[in-house]
Amino acid sequence: MAHSRKEKINTTEQALRERMKELDCLYEMVDILVNPNASVAERMAGVVERLPRAWQFPEIAIARITLDDIVYQSANFVDIDYSQGADIVIDGHTRGVIEVGYRSADLPEQANNPFLDEERKLIENIAHQIAVHVQRHEIELRQKELEAQVQHADRLATIGQLASGVAHEMNDPLSGILGFAQLALKAPNIPPTVEEDLNEIVAASLRAREIVKKLLLFARQTPPQKSRVALNPIVEDALFLLEAGCDRPGIKWVRELCDNLPTIDADPVQVRQVIVNLAVNAMQAVARDGTVTVQTETDDSEVMLTVTDTGCGMRAEMIEKIFTPFFTTKDVGEGTGLGLSVVHGIVTAHGGTIDIDSEVDRGTRFTVRFAASNNSEHERPGI
Ligand code: ADP
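Just so we're clear, the structure is a prediction, and the values are computed from it rather than from any experiment. (Residues numbered from 1 in each chain as written. Predicted model: local features only at pLDDT ≥ 70, side-chain atom pairs only at ≥ 80, totals over all residues. Heavy atoms only, no water.)

Visitor: Can you walk me through the overall build of the protein chain in this structure?
Guide: Looking only at helices and strands, the protein chain has eight helices and 11 strands in total. Overall, the C-alpha framework of the protein chain stretches about 130 × 45 × 40 Å when taken along its three principal axes. For the protein chain, long-range pairs separated by at least 24 residues make up 70% of all intrachain contacts whose partners lie at least 6 apart in sequence. Surface accessibility of the protein chain: about 22400 Å² in total, with carbon and sulfur atoms responsible for 51%. In the protein chain, the 38 positive side-chain charges and the 59 negative ones have mean positions that sit 2 Å from each other. (Helix = DSSP H or I, 4+ residues; strand = E, 2+ residues; numbered from the N terminus. Contact = heavy atoms within 4.5 Å. Areas by Shrake-Rupley, 256 points an atom, 1.4 Å probe, with all protein chains shown as cover. Lys, Arg positive; Asp, Glu negative; His and termini not counted. Charge placed at Lys NZ, Arg CZ, Asp CG, Glu CD.)

Structure, rendered in structure tokens:
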């Protein structure tokens, strides 16, 4: 009797010790998981290193976490013969698994079931904690991204207002300069050098007028005149102009136009401007030989326009700046830094989006998405 009471006390003590160990482990896990300065990878590495200590045979237990196909494992990890696992389920999707176990060669002989019931609950609890924290981390990241986007859009809007103010102010004096220079050119007997200078003035003021026009477009001073339009003919029209004017024999233009594209509600002149600006940039990004591909696609709710080049590509820091008005890496005469600002203005005014994929020395892809018209008619093949 005394013997069995002692045994009972021993078992209770052991259960209590196990429970304390599990609680300690859970507290430490939460500590590791909430560390605001650690990345997801650092958190997983911390958890996996700490896990074995909470198991019945801590010295020989090994652990592994697989999250989004990335594997984190405890030191001296070897293949597990006996394992206990729990799925990491985030937002209804199984994104990974957490496993703790032993190699059979390491286990003491009497341990034919090396796992305790409590350990099953513990591993499920930890998998749940990981899921909660990863989800929270991802929500925070998305929020930060969104805030950055809003700030960026605010900055662009402020610059846009400023720019449109300046553009309006410049319109009148510019018209005067252009008009008077053209008038002076008509005067009889002007010396050739003066004529040359006057022609320079005309050319410069035409260029300045072009910039003013782009600024006004950027600042959306010209609201889109929307109608139900088919995108493919606009692409053909824009490319016809570009190919005709392109003096770069090394550039190969490729069209991949979807036959059955829904229509979009858009201003065809502005959409053509978007295609021209993206395609001119693509062409300029290709140093000598290369390909510019213009593609249209649909998933029925949206119509996608992609312009892909095999040119110089861009680094991430640069991509952050390219929609800012006057940001250019091109020589005077080649670029004004307004092309993409205009694209941004037009696409936003149409309720569309722009995505960029770029790799230095490999090329760039701009994807513009427009909503398909409600009850959209589909373009007929070949139109
Ligand atoms: P611009 O072409 O007049 O410089 P943009 O606003 O059109 O003005 O473009 C801004 C900058 O973005 C360009 O100077 C260039 O550095 C970069 N850029 C735009 N498109 C591409 C592209 N397809 N490949 C590489 N860089 C590009």
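That covers the picture; the talk isn't over yet.
Visitor: Is there a simple way to think about the site of the ligand in this case?
Guide: Around the ligand sit 20 residues, and of these N281, T328, T329, K330 and T336 come closest. At a separation of 2.8 Å, an oxygen atom of the ligand approaches a polar side-chain atom of N281. Relative to its unbound accessible surface of 530 Å², the ligand loses 96% to contact with the protein. At a threshold of 2 Å from the grid points, most atoms of the ligand map onto the second largest pocket. Of all elements in the fold, only α6 (268-285), α8 (339-349) and β11 (363-371) reach the threshold of two or more residues within the shell around the ligand. For the shell around the ligand, the element with the highest residue contribution is α6, accounting for three residues. (Near = heavy atom within 4 Å. Polar contact = N/O pair within 3.5 Å; in protein donor to acceptor, adjacent residues only side chain to side chain. 1 Å grid on protein atoms, 1.4 Å probe; cavity = no way out; pocket = protein on both sides within 12 Å on 5 of 7 lines; lining within 4 Å. Sits in = over half its atoms within 2 Å of the grid points.)

Visitor: Which parts of the structure should I look at to understand the nonpolar core?
Guide: Generally speaking, soluble globular proteins have nonpolar side chains that are buried together. Ranked by size, the top nonpolar core spans 40 residues in total, and within it L231 and W253 carry the most contacts. Put simply, the parts of the chain that give this core at least two residues each are α5 (231-245), β6 (251-257), β7 (264-266), α6, β8 (290-298), β9 (302-309), α8 and β11. Counting residues per element, this core draws most heavily on α6, which supplies seven residues. Listed in part, the 31 residues of the second largest apolar core include L33, A54, Y72 and L107. (Core = buried A, V, L, I, M, F, W, Y, C linked by side-chain atoms within 4.5 Å. Buried < 20%, exposed > 50% of the residue type's maximum accessible area, 1.4 Å probe, protein only.)

Visitor: What is the right way to look at the sheet that holds strand β10 (residues 353-359) in this model?
Guide: Hydrogen bonds along the backbone pair up the strands of a sheet, which may run parallel or antiparallel. Strand order in this open sheet of five strands is β6-β8-β9-β11-β10, and the pairing throughout is mixed. Bordering the open sheet on either side are β6 and β10, each of which pairs with just one other strand. For this sheet, the mean angle separating the axes of adjacent strands, direction not counted, is 10°. In this structure, β6 lies alongside β8, joined through seven bridges in parallel fashion. Across the sheet, I251 pairs through a bridge with G290, a residue of β8. In this fold α8 packs onto β10 and β11, with an angle of close to 145° to the strand it touches most, β10. (Pairing = 2+ DSSP bridges. Axes fitted to C-alpha atoms, helices over the stretch in contact; angles between N-to-C directions.)

Visitor: Quick question: what am I supposed to make of the pairing of strand β4 (residues 93-102) here?
Guide: Regular strands place side chains that alternate from one sheet face to the opposite one. Of the pairings in the sheet, the one linking strand β1 (residues 62-67) to β4 comprises six bridges and is antiparallel in character. Its bridge partner lying in β4, R64 is registered against E99. Strand direction decides the pairing type here: strand β3 (residues 82-90) and β4, joined by nine bridges, are antiparallel. Bridge assignment links I90 to a residue of β4, and that residue is H93. Once β3 ends, the chain turns through two residues before running back antiparallel as β4, passing D91 with a positive phi of about 55°.

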